[in-house]
Amino acid sequence: MPSDDVSAPPSASASDNASESASPPTAPPATGYRALLRNREFAGLYAGLTLTVAASTLSGFALGTLVNDRTGSPFLTAVSMYGATFATVLGALTLMSVADGKRPRRILVTLQCVSLAGVAAQAIPGLPLAARFGLLLVLGFFQSLGTGARMGLLAEVVPASAYALARSLMNITSGGTAVLGFAVGAVLLRRLSPHDVFVVAAVLTGLGLVAVATTAREYSTRPADPGRPGARSGARPGLRRTWATNAELFSHPGRRALLLNLWVPNGLIVGCEALFISYDPEHAGVLLAAGSAGMLLGDLTVGRLFTADRRRRCAFALRLLLAVPYLLFAASPPTPVAAVAVFVAGAGFAATLPLQEQLLALTPDPVRGQVQGVESAGRMTWQGIGAALAGGVALYLGPGPTITALAALSVTVTVLSRPFVARAR
């Protein structure tokens, strides 16, 4: 469910030269969601992300259903839904420095085109499962780079004071889109084949490409606005630069603690969600939608209504809320009770907002895109690890007991790491 976050249009080369040295218009600080959406560039990033999440939700659900029907394996089903996340770590370790390159628009549009090609390829009837899993890995690699580029642009086009609000709106919309995606996907799969649903996902991905290509602008430097980050790094993107920045990122104990809490508890709970199809095939769409709805509510409440100080004070409680309700699965609850538990737990995903704010505050301006890309890639990779771990354990314990065990492990990690997160502040 959570996931975070992709070749230039014909007019790209003409617009690049005209806008490369331009600076974004100085706008008054955004004070609400409407003010943010009046920013054309933010609106484009927002629309592109929304359409990409919709496509990803539909294609993931379709692939999970296809693999479950063909194999009946909880492990393969779980990995098929979140397998793309395994390759995100490769992007974080190799080429994530492109997120802070001098042409972020071109990078983002190119990666969106790659994503479109990959989703369209999944719609080919008779494609072997091995090829489908291979496509997942390729898409996961480029998806991580796209997320870094998108988040790097986000830190440019909105004032620093509105960053949490912008991330909140994106997370809320991602959650809402996932709710609709799982619900619509369940309906579509009763009337269409998984291959037809892949076609729908490819259309949505193409619309996301258009949204980004027609709104994002190319800037070689960031605006000279004290409320925004500083200039982009002039270093050439590549493997050496990526490794150097990653080494600096992980050398800071505060950033390490924040990344641990952004990645591991989240990934373990996504592993729980990856078992919903195996746990209750008939009502898996209901459970997945309930989790997405809870995430939407949590991000709306924490991002829009809480102050920054209150978000920090609530971060630990939210990380506990993320896992504790899943302990009810030890009693094999009926579907309505399970859906309520999953809904409540979904609100705990909002813990990422205060942790991301802290990480951003500890990050130098020139590498914010790469660091945010690494954070997102690591979180998605841990979602894949959680899904694979859940599927493997479920082969022996069954889906219900495995969900309970992963939730307990998530609580343990959260409690034991709390002192380190406190010191990171």
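As the structure is a computational prediction, the values presented were derived from the model and not from experiment.

### Some words on the overall build of the chain
Tallying secondary structure elements over the chain gives 18 helices and zero strands in all. The buried share among the 425 residues of the chain stands at 60%. Carbon and sulfur atoms make up 68% of the accessible area of the chain, which totals about 15,900 Å².

### Quick word on a nonpolar patch on the surface
On the surface, a nonpolar cluster with roughly 460 Å² of combined accessible area is contributed by F75, L395, Y396 and L397. The greatest single-element share of the nonpolar patch, amounting to three residues, is contributed by helix α17 (residues 368–397). By secondary structure assignment, the location of L397 is in helix α17.

### A short note on the packing of aromatic side chains
For the structure shown, the criterion picks out five aromatic pairs. Ring centres 6.4 Å apart and planes at 20° place the aromatic pair F276 and F329 in the stacked group. You can see F276 sitting in helix α12 (residues 276–279) and its partner F329 sitting in the loop between α14 (308–323) and α15 (335–346), a full 53 residues away along the chain. As far as burial versus exposure is concerned, F276 and F329 are alike and both buried. An angle of 65° between the planes, with centres 5.2 Å apart, marks the rings of Y279 and F329 as edge-to-face. In this pair, Y279 sits in helix α12 while F329 sits in the loop between α14 and α15, placing the two residues 50 residues apart along the sequence. If you follow R310 out to its NZ or CZ, it ends over the ring of F306, 4.2 Å from the centre.

### Digging into the pattern of salt bridges
Enumeration according to the criterion identifies three salt bridges in this entry. Put simply, R311 and E357 hold a salt bridge, and the shortest N to O gap is 2.8 Å. One end of the pair, R311, is in helix α14; the other, E357, is in helix α16 (residues 352–361), with 46 residues separating them in the sequence.

### Considerations on α16
Among the ten residues of α16, eight are classified as buried, and the element is accordingly described as predominantly covered. Along α16, the residues classified as buried are T352, L353, P354, L355, Q356, Q358, L359 and L360.

### Notes on the packing of helix α6 (residues 104–122) against helix α9 (residues 194–215)
Two elements in contact, α6 and α9, have axes separated by 8 Å at closest approach and are oriented at 170°. In this view, α6 runs roughly antiparallel relative to α9, as classed from their interaxial angle. Between α6 and α9, the residues in contact are R105, L108, V109, Q112, C113, S115, L116, V119, A120 and Q122 and H195, F198, A201, A202, T205, G206, G208, L209, V212 and A213, respectively.

### Comments concerning the confidence of the model for the chain
Of the residues in the chain, 78% reach a pLDDT of 70 or more, and the chain-wide mean stands at 78. Ranking the elements of the chain by mean pLDDT puts helix α1 (residues 12–19) last with 33 and α15 first with 94. Note that residues 3–30 has pLDDT below 50 and, in this model, 60 contacts with residues that lie over four places away or in other chains. Scored below 50 in pLDDT, residues 220–234 shows 44 contacts in the model against residues more than four places distant or in partner chains.

### What about the packing of helix α3 (residues 40–71) against helix α4 (residues 74–82)?
It is at 8 Å that the axes of α3 and α4 come closest, and there the two elements cross at 160°. Accordingly, the angle class assigned to the pair α3 and α4 is roughly antiparallel. As for how α3 packs across α4, the hand of that crossing is right-handed. Here α3 contributes G60, L63, G64, V67, N68 and T71 to the contact with α4, which in turn contributes L76, T77, S80 and M81.

### Concerning the environment of N68
Relative to the helices and strands, N68 is located in helix α3. Given a relative accessible area of 19%, N68 falls into the buried group. Linking N68 and A78, residues ten residues apart in sequence, is a C-alpha distance of 9.0 Å. N68 has contacts with T77 and I277, leaving out every residue within four places of it along the chain. There is a polar contact of 3.4 Å between the side chain of N68 and the side chain of T77.

What counts and how
- Counting starts from 1 at the beginning of each chain's written sequence and moves along it residue by residue.
- Only residues with pLDDT of at least 70 are given local features in this predicted model, and only at 80 or more are side-chain atom pairs given and counted; all residues enter the totals for whole chains, interfaces and linings.
- To obtain the side-chain values, all non-hydrogen atoms of the structure were included, while hydrogens and water were left out.
- For helices the rule is a DSSP run of H or I covering at least 4 residues; for strands it is a run of E covering at least 2, with both sets numbered from the N terminus onward.
- Relative accessibility under 20% of the residue-type maximum defines a buried residue, over 50% an exposed one, and the middle range a partly exposed one, all with a 1.4 Å probe and only protein chains included.
- Each accessible area value is a Shrake-Rupley result obtained with a 1.4 Å probe; residue values ignore everything except the protein chains displayed when judging cover.
- Every patch collects residues that have over 30% relative accessible area and no salt bridge, joining them within 9 Å if they carry like charges and within 5 Å if they are nonpolar side chains (Val, Leu, Ile, Met, Phe, Trp, Tyr).
- Whenever Lys or Arg places a side-chain nitrogen within 4 Å of a carboxyl oxygen from Asp or Glu, that contact is recorded as a salt bridge.
- The aromatic pairing rule takes the rings of Phe, Tyr and Trp, using the six-membered ring of Trp, and pairs them if the centres are within 6.5 Å, calling planes under 30 degrees apart stacked, those over 60 edge-to-face and the rest tilted.
- Counted as over-ring charges are cases with an Arg CZ or a Lys NZ within 6 Å of the ring centre that also lie within 35 degrees of the ring normal.
- For helices, the fitted line uses only the C-alpha atoms of the stretch in contact; every axis is such a line through C-alpha atoms, and the angle between N-to-C directions lies from 0 to 180 degrees.
- Small angles under 35 degrees read as roughly parallel and large ones over 145 as roughly antiparallel, with 65 to 115 read as roughly perpendicular and the rest as oblique.
- Contacts: residue pairs with any heavy atoms within 4.5 Å of one another.
- Values of pLDDT, ranging from 0 to 100, describe the predictor's confidence in every residue of the model.
- Less than a right angle of anticlockwise turn of the near helix away from the far helix marks a crossing as left-handed, whereas a clockwise turn marks it as right-handed.
- Contacts described as polar in this section are N or O atom pairs within 3.5 Å, which, within protein, must combine one atom able to donate a hydrogen with one able to accept it, while residues neighboring in sequence count only if both atoms come from side chains.

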